[in-house]
Amino acid sequence: MKEFMLVFRNAPVAQRDALTPEQLKDVSKPWQDWVGSIAAQDKLASIGGRLEFDGATVTNGLVTDGPYAEIKEIILGFIIIKAATKDEAVELAKGCPVLKDGGSVEVRGVVQMG
Amino acid sequence: MAAGNELIPHLFRTEYSKITAVLGRLFGFDHIEIAEDIASDTFLLAAETWGMKGVPDNPVAWLYTVAKNRAKDYLKHDAVFAGKVKLQLQQSATELQPIDIDLSEKNIVDSQLQMMFAICHPAISAEAQIGLSLRILCGFGIEEIADAFLSNRETINKRLFRAKEKLRSEKVKIAFPGKSEIDKRLETVLTTLYLLFNEGYYSISQNTALRKDLCLEAMRLAYLLTENANTNKPPVNALLALMCFHASRFEARIAVNGDLILYDDQDASLWDKELIVQGEYYLNLAAKGNVLSKYHLEAAIALQHTDKNDTPEKWERILQLYNKLLITEYSPIAALNRTYALAKADGKEAAIIEAEKLKLDSSHLYHSLLGYLYTDVDNKKAVAHLQMALKLAKSNTDKETIKKNLDKLLLGINQ
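Notes on the structure in this doc start here. (Residues numbered from 1 in each chain as written. Chains lettered and ligands numbered in written order. Predicted model: local features only at pLDDT ≥ 70, side-chain atom pairs only at ≥ 80, totals over all residues. Heavy atoms only, no water.)

1. Some thoughts on the pattern of salt bridges
Residues and elements named next belong to chain B. Applying the stated criterion across every chain, the model contains 28 salt bridges over all chains. Residue Glu165 is joined to Arg168 by a salt bridge in which the shortest nitrogen-to-oxygen separation is 3.4 Å. Within this pair, Glu165 and its partner Arg168 are both found in helix H8 (residues 153–169), separated by three residues, close to a single helical turn. For Arg168, a relative accessible area of 17% puts it in the buried group. (Salt bridge = Lys/Arg side-chain N within 4 Å of Asp/Glu carboxyl O. Helix = DSSP H or I, 4+ residues; strand = E, 2+ residues; numbered from the N terminus. Buried < 20%, exposed > 50% of the residue type's maximum accessible area, 1.4 Å probe, protein only.)

In structure tokens, the structure reads:
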């Protein structure tokens, strides 16, 4: 089994912070069911994390704050999964709810250390 | 006489383990057999004496006095033993002082807890931990342990002997683990108590009374952990809550003839309301702090099952709890239960797609689940899966249940 990182990207919208608990539940369910499904197949290596909208970018000598108005996509979050092949990892990525919102998932193998 | 005959087995169950724990802690694992022998001798003497002279006014005090005196005699007369043990004892007691054998309630509980940590040690297998727990912490006889494991005396004796040898060679101390270690060691203890409970709850042994005893003992030991400030941690309360919820269904899940009654067919009026309330009490205590252990999640799921009303909202909550449980720790059972909850919350079609991904083809439970999911969706496939489940099932109870479902399904198709 190899590990793959799935990175979720979508257009920068600071919507989540403004959601009511009821709306948040509707947004959360597809994500919880998707990760639950991966875990039920014993293919979850790390739950990863959802990233806050707020942040900063540091380049050589320059620090820019969010909200990334000029950037088309930002990273929303990531998880790490276990899969035998890249194809299998891609199959699992196809279920990611970010795709329904017009976002993308980047699938990258994790280099084994040591 | 009659009273004495019933009293001794009862006291044996409650007091044997206390005496063994206190003496065992005093002597260390090197001489744990001597502690066990003294406790056994004490009960032998009780049986003889009480039979002739009648039961004393305070039988427990009588047992403690005899055990104390026997232990002191042993220390006085057995030179080899005294040489070795006294050397260790003197670390805690000053020289020349008579050895105090403290059978106060507090010391009994402390000794049992320390013994629990020593026995539930990662150096020995889970099976050995459960066996030793039953023998030393719960006062079960070798015969009863063999019955619980569907094994024989010889195998159990060997297993316990090897486990004690291993604990000796690893120099495991009968003591509380240090502050930095306690959470990790507590994890092993909780795993063992949970397995002990499950051994009783799900055991294929036909001995219903014995199975219930295993569950009650696991609950008693978990309760002991909540009574001590060092070990009264949220996961312990969560585990105890989980056990209370499960145990509340004990009467409802076993038929008069010993057959298992599945959840859906249970008479909810037979559920023990008091245990459900107790479970809620411990689950509330478990909510302190920010630890969310798998026991929290399993207890929260069990709490949902204390309400038999079948609403989609309930099953949605159960589904999300199983999602969290699987993220915390994978287990095939949790994966199957999650899929069942998904069927109840989102419908069978969605659940079939998920079930086909689980790849648990060698499990009869997996095929039983698919049999249930395909019923009324694709009955041909449902029959094939139930037949496969029947082929893979090992216990008679499982086979009976699957056969019943298969017959029901075939009857429906032929009509």
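2. Some remarks on the nonpolar core
One broad trend across soluble globular proteins is that nonpolar side chains are buried collectively. Within the largest apolar cluster, 69 residues are counted, with the highest numbers of intra-cluster contacts made by Met116, Leu134, Leu193 and Leu225 of chain B. With ten residues, helix H11 (residues 234–247) of chain B is the largest single contributor of residues to this core. Setting aside its immediate chain neighbours within four residues, Met116 of chain B contacts Leu137, Val189, Leu193, Leu221, Leu224 and Leu225 of chain B. Counting residues in each nonpolar core, the second largest holds 53 residues, with Cys96 of chain A together with Ala334, Ala351 and Leu369 of chain B among its members. (Core = buried A, V, L, I, M, F, W, Y, C linked by side-chain atoms within 4.5 Å. Contact = heavy atoms within 4.5 Å.)

3. Structural notes on the side chain of Lys314 of chain B
Residue and element names in this part refer to chain B. On the secondary structure map, Lys314 appears in helix H14 (residues 312–328). No salt bridge is formed by the buried Lys314. Its closest oppositely charged neighbour is Asp310, at 4.4 Å. Residue contacts for Lys314: discarding those within four places in its chain leaves Tyr263, Gln304, Asp307, Lys308 and Asn309. (Lys, Arg positive; Asp, Glu negative; His and termini not counted.)

4. Quick word on unusual backbone geometry
Residues and elements named next belong to chain B. With a phi angle near 55°, Lys171 is a residue other than glycine that sits in the positive phi range. Counting through the fold element by element, Lys171 comes out in the loop between H8 and helix H9 (182–202). Note on Lys171: relative accessible area 65%, which makes it exposed. For Lys359, which is not glycine, the phi dihedral falls at a positive 55°. Residue position: Lys359 is located in the loop between helix H16 (348–356) and helix H17 (364–374). A relative accessible area of 61% places Lys359 in the exposed class.

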